[in-house]
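# Structure at a glance
Spelled out from the first residue to the last, the chains are:
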Amino acid sequence: MVTGTSAGLAALVVRVPEAEFAVRKWRGRLDPAAREGVPAHVTVLFPFLPARGIDGAALAALGEVFGRHRSFEVAFERCGRLPGLLYLAPEPDEPFRRLTEAIVDRWPESPPYGGRFDDVVPHLTVAQRQDDLVVLEEAEADLNGRLPFTARVSAVDLVVHDGTRWQQRMAFPLRR
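Keep in mind the model is a prediction, meaning the values are calculated, not measured. (Residues numbered from 1 in each chain as written. Predicted model: local features only at pLDDT ≥ 70, side-chain atom pairs only at ≥ 80, totals over all residues. Heavy atoms only, no water.)

### Describing the sheet that holds strand β8 (residues 166–173)
Overall, antiparallel pairing links the 4 strands, which are arranged β2-β1-β7-β8 in an open sheet. The strands lining the two open edges of the sheet, one partner per strand, are β2 (41–45) and β8. Averaged over all pairs of adjacent strands, the angle between their axes in this sheet comes to 35 degrees, without regard to strand direction. Sheet topology places strand β1 (residues 10–15) next to strand β7 (residues 155–161); 4 bridges connect them, and they run antiparallel. Its bridge partner being in β7, valine 13 is matched across the sheet by aspartate 157. (Pairing = 2+ DSSP bridges. Helix = DSSP H or I, 4+ residues; strand = E, 2+ residues; numbered from the N terminus. Axes fitted to C-alpha atoms, helices over the stretch in contact; angles between N-to-C directions.)

What follows is the structure, encoded as structure tokens:
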């Protein structure tokens, strides 16, 4: 998720509380989103609709879309990197891809990351906007000692930026 954002932006995320023991200290240092109140998560869609446009009909549609998807187990067994980014890779990642595709099918005006990437890789961000390779290597070595772990994904959260912090607005359960 992008940080330093303006009030009214919204995102759809899957919280992964099982990851906090492994990532908390690194995210606190290396992920500005953590300092803005975002817990360990895998992003389903950012940005979503502007918060002011998320009315009762949109909330009902979100509940319907997510309600068609089953809850699932995911494992975090390895780290991955993209330029300036260190993350934990969820396996399998296909359920996250299906959630994103379902939302984009319903709201094509909201492509992932504004359409900046051809392939959106599901990930749990640990460090972003980091060019210090020594720090990234230190974080990755520490994380590798804390892996693997599993998590149960049973809901997707709508979070909204209030100008300072991200706040949970609603949780949408997945089908059991």
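### Observations regarding the sheet that holds strand β5 (residues 124–128)
Taken together, 4 strands build an open sheet; the order of strands is β5-β4-β3-β6 and the sheet is antiparallel. Pairing within the sheet leaves two strands with one partner each, and these edge strands are β5 and β6 (149–153). Looking at each pair of strands side by side, their axes are set apart by 30 degrees on average, direction ignored. With 5 bridges connecting them, strand β3 (residues 72–82) and β6 associate as antiparallel partners. Residue alanine 75 lies in a different strand from β6, and its bridge partner there is threonine 150. Here helix α1 (residues 20–30) sits on the sheet and contacts β4 (85–91), β5 and β6; the angle it forms with β5, its principal contact strand, is near 35 degrees. Against the sheet, helix α4 (residues 94–106) contacts β3, β4 and β6, and its axis sits at roughly 90 degrees relative to β3. (Contact = heavy atoms within 4.5 Å.)

### Quick look at unusual backbone geometry
Residue proline 47 is bonded to the preceding phenylalanine 46 through a cis peptide linkage, with omega at -15 degrees. With respect to the element layout, proline 47 can be found in the loop between β2 and α3 (56–67). The residue after leucine 147, namely proline 148, is reached through a cis peptide bond having omega 0 degrees. Tracing the chain through its elements places proline 148 in the loop between α5 (133–144) and β6. Positive phi, normally seen in glycine, also occurs at arginine 129, with a value near 60 degrees. As for its position among the elements, arginine 129 is in the loop between β5 and α5.

### Things to note about α3
In an α-helix, one full turn covers 3.6 residues, which means residues spaced three or four apart are oriented alike. Taking 1.5 Å per residue as the helical rise, α3 with its 12 residues ought to reach 16 Å, and the 16 Å between its terminal C-alpha atoms agrees with that figure. The complete set of buried residues in α3 reads Ala58, Leu59, Ala61, Leu62, Val65 and Phe66. An end-on view of α3 places all buried positions within 160 degrees of arc, on one side of the element. Facing away from the buried side of α3, by more than 90 degrees, are the exposed residues Gly56, Ala57 and Glu64. In the core, the buried residues of α3 are packed alongside β1, β2, α4, β7 and β8. With a side-chain oxygen positioned 3.2 Å from the backbone nitrogen of alanine 57, the residue opening α3 is aspartate 55. (Expected span 1.5 Å × (residues − 1). Buried < 20%, exposed > 50% of the residue type's maximum accessible area, 1.4 Å probe, protein only. Arc of directions from axis to C-beta. Polar contact = N/O pair within 3.5 Å; in protein donor to acceptor, adjacent residues only side chain to side chain.)

### What to know about the pattern of salt bridges
Here the structure, examined in full by the defined rule, presents 9 salt bridges. For aspartate 119, the salt bridge is made with arginine 97, and the minimal N-O distance between the two is 2.8 Å. Of this pair, aspartate 119 sits in the loop between α4 and β5 while arginine 97 sits in helix α4, placing them 22 residues apart in sequence. By relative accessible area, aspartate 119 is classed as partly exposed at 48%. A single salt-bridge network, built from bridges that share partners, covers Asp93, Arg97 and Asp119. (Salt bridge = Lys/Arg side-chain N within 4 Å of Asp/Glu carboxyl O.)

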